[in-house]
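This is what each chain is made of:
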Amino acid sequence: MTSVTAVQQSGPDEPRGGRPGRGGRGGSPPGSRRPGASGPPGGKAFGDRAAWFLVLPALIPILVLSVGPLLYGIALAFTDAQSGRTRSTQWIGTLNFQDLLHDTLFWDSFRIGLIWAAGVTIPQFLLALGLALLLNQNLRMRWLARALAIIPWAMPEVVVGIMWRLVYNPDAGILNETVRDLGLGDGRDWLTGLATALPAVILVGVWAGMPQTTVALLAGLQNTPRELHEAAALDGAGAWRRFRTVTWPAIKPIALAISALNLIWNFNSFALVYVLTSGGPGGRTRLPMLFAYEEAFRYGQFGYAAAMGCVMVAVISVLLALYLVGRLRGGEDR
């Protein structure tokens, strides 16, 4: 009797015998959402579309100004494109690359580019590391020293090249005047000498690129907890041991990243060397970018110059791949 009464008192929508209805446990109506679920069913798809719309303003310039010209240059490398409006362009396959393999002038410029990139990147990093360690100390007027250290970074490469041409001037340059005042000789023409042109240009490259490396390393040093240095000092560790066990592990990822980027940037240098020497004397400072520029805009061999650009892009891609593999392996080791 009691069970019959209970059944009669239950509403038409209430599940009988405690069993869950169609909407789930507790008699939730069909189509209701679980507690904690929010937003319309298509919210995620709408959010993805909205994210793409937000990215497009930054993505379109990259596609138009970077990816598009890169693909066009790769396609141009397989043609015989030359200057002249009336000349038709023909597809020649890999003929430009075959000629490039036997072009000793290009491979000489490639060798010079590697010497330049390594000769600038290595001293640049060592000097920047020393300067960053110095600027990280509690020095008087440290803010002024930091501001002065980044001045070369703020100067355009063309301005840096013109300034150093005046420094290297054989008649009235400050370098030759100093040599004469010290009684070390009558000076020399540093940028036109076969033996001195490349070292002189490398010196300028080191001076111009050192500030950005200094700033990156200084940021890493400032993020290193001072408690670690204090604990190492209490343990009796000297300056070199503290650097090797505390400082270097903290800034090593930054050091590897900035060194890899500097190597790529230096290998692609153009404006600084062009203003200083234009690739002379006798091609002693003709970097690969300068060689490709001359082939394209002095001799009008656009297809051949594009093939050189493809080779340089391939080299840079290999350097980036090696760097990324090293970073991934380093992350797995940790």
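The chain is annotated in an unreviewed UniProt entry as Sugar ABC transporter permease of Streptomyces californicus. Comment text from UniProt for the chain, heading Sequence similarities (unreviewed entry), reads "Belongs to the binding-protein-dependent transport system permease family." Regarding the chain, the UniProt comment filed under Subcellular location (unreviewed entry) reads as follows: "Cell membrane".

Asker: So what exactly am I meant to see when it comes to the overall build of the chain here?
Answerer: A tally of regular secondary structure across the chain gives 14 helices and 0 strands. When the elements of the chain are put in sequence order from the N terminus, they spell out α-α-α-α-α-α-α-α-α-α-α-α-α-α. Scored against the burial criterion, the 334 residues of the chain give a buried share of 30%. Of the contacts formed within the chain by residues at least 6 apart in sequence, a portion of 63% connects residues at least 24 apart. For the chain, the exposed area adds up to about 21,400 Å²; of that, 64% sits on carbon and sulfur atoms.

Asker: What exactly am I supposed to notice about the environment of Gly300 here?
Answerer: For Gly300, the location among the structural elements is in the loop between helix H13 (288-297) and helix H14 (302-333). With relative accessibility at 4%, the residue Gly300 sits in the buried group. Sequence spacing of Gly300 and Gly84 is 216 residues, and the spatial spacing of their C-alpha atoms is 8.2 Å. When residues no more than four places from it in sequence are discounted, the contact partners of Gly300 are Ala81, Gln82, Ser83 and Glu295.

Asker: It is not clear to me how the nonpolar core should be interpreted in this structure. Could you clarify?
Answerer: Note that soluble globular proteins tend to have their nonpolar side chains buried in a common cluster. Core analysis: the biggest nonpolar cluster contains 38 residues, and Leu100, Phe106, Trp116, Val204, Leu276 and Met308 have the highest contact counts within it. Of the residues forming this core, the biggest block, 8 residues, is contributed by H14. Not counting residues up to four positions away in its chain, the partners in contact with Trp116 are Val201, Ile202, Gly205, Asn266, Ser269, Leu272, Val273 and Leu287.

Asker: Where do I start with helix H7 (residues 157-167) in this structure?
Answerer: The α-helix advances 3.6 residues per turn, and as a result positions three or four apart in sequence lie on the same side. Where H7 is concerned, the buried positions are Val160, Gly161 and Trp164. One face of H7 carries all of its buried residues, which in axial projection span an arc of 100°. Buried residues along H7 sit in contact with helix H6 (151-154), helix H9 (197-222) and helix H12 (271-276).

Asker: Looking at this model, I keep getting lost on a nonpolar patch on the surface. Mind explaining?
Answerer: Taken together, Phe53, Leu56, Ile60, Ile62, Leu63, Val64, Leu65, Val67, Leu70, Leu71, Ile74 and Val313 make up a surface patch of nonpolar side chains, about 1,100 Å² in accessible area. At 11 residues, the largest contribution of residues to the nonpolar patch is made by helix H2 (residues 43-76). The residue Val64 is located in helix H2 in this model.

Asker: So what exactly am I meant to see when it comes to the pattern of salt bridges here?
Answerer: Pairing between side chains becomes possible if they bear opposite charge and their charged atoms approach one another. Tallied over the full model, the rule gives 2 salt bridges. Notably, a salt bridge pairs Glu177 with Arg180, separated by 3.5 Å at the nearest N-O pair. Here the residue Glu177 and the residue Arg180 both occupy positions in helix H8 (residues 174-181), the gap between them amounting to 3 residues, near one helical turn. Between Arg286 and Glu294 there is a salt bridge whose closest N-O contact spans 3.4 Å. Using a relative accessible area of 9% as the deciding quantity, one classes Glu294 as buried.

Asker: Would you mind showing me how to read the UniProt feature "transmembrane region" (unreviewed entry) in the chain here?
Answerer: Here, the residues flagged by UniProt with the feature "transmembrane region" (unreviewed entry) are residues 51-78, 114-135, 147-167, 190-210, 254-276 and 302-325. Between the first and last C-alpha atoms of residues 147-167 the distance is 23 Å; the span itself is 86% helix and 0% strand. A distance of 31 Å separates the end C-alpha atoms of residues 254-276, which is 87% helix and 0% strand.

Asker: Is there a simple way to explain H13 in this structure?
Answerer: Taking burial as the measure, the 10 residues of H13 include 7 buried ones, the bulk of the element. Those residues of H13 not exposed but buried are Pro288, Leu290, Phe291, Ala292, Glu294, Glu295 and Ala296.

Asker: Explanation requested: the environment of Phe243 in the structure shown.
Answerer: Relative to the helices and strands, Phe243 is located in helix H11 (residues 239-267). Along the backbone, Phe243 and Ala232 are 11 residues apart, and their C-alpha atoms lie at a distance of 10.0 Å. For Phe243, the residues in contact, after removing those within four places along its chain, are Leu129, Leu133, Trp248 and Pro249.

Asker: Before we go on, may I ask you to explain the environment of Cys310 in this structure?
Answerer: You can see Cys310 is positioned in helix H14. With relative accessibility at 15%, the residue Cys310 sits in the buried group. As for Cys310 and Ala77, which are separated by 233 residues in sequence, their C-alpha atoms are 7.5 Å apart. Cys310 has contacts with Gly73, Ile74, Ala77 and Phe97, leaving out every residue within four places of it along the chain.

Asker: Is there a simple way to explain the confidence of the model for the chain in this structure?
Answerer: Parts of the model with low pLDDT should not have their predicted coordinates read in detail. Overall, the predicted model of the chain reaches an average pLDDT of 82, with 84% of residues at or above 70. Taken together, the stretch residues 1-37 has pLDDT below 50 and engages in 13 contacts with residues farther than four places along the chain or on a different chain.

Reading the values: rules and limits
- Residues numbered from 1 in each chain as written.
- Predicted model: local features only at pLDDT ≥ 70, side-chain atom pairs only at ≥ 80, totals over all residues.
- Heavy atoms only, no water.
- UniProt positions renumbered as here; feature names shortened; annotations may be inferred.
- Helix = DSSP H or I, 4+ residues; strand = E, 2+ residues; numbered from the N terminus.
- Buried < 20%, exposed > 50% of the residue type's maximum accessible area, 1.4 Å probe, protein only.
- Contact = heavy atoms within 4.5 Å.
- Areas by Shrake-Rupley, 256 points an atom, 1.4 Å probe, with all protein chains shown as cover.
- Core = buried A, V, L, I, M, F, W, Y, C linked by side-chain atoms within 4.5 Å.
- Arc of directions from axis to C-beta.
- Patch = residues over 30% accessible without salt bridge, like charges linked within 9 Å, V, L, I, M, F, W, Y side chains within 5 Å.
- Salt bridge = Lys/Arg side-chain N within 4 Å of Asp/Glu carboxyl O.
- pLDDT = per-residue confidence, 0-100.

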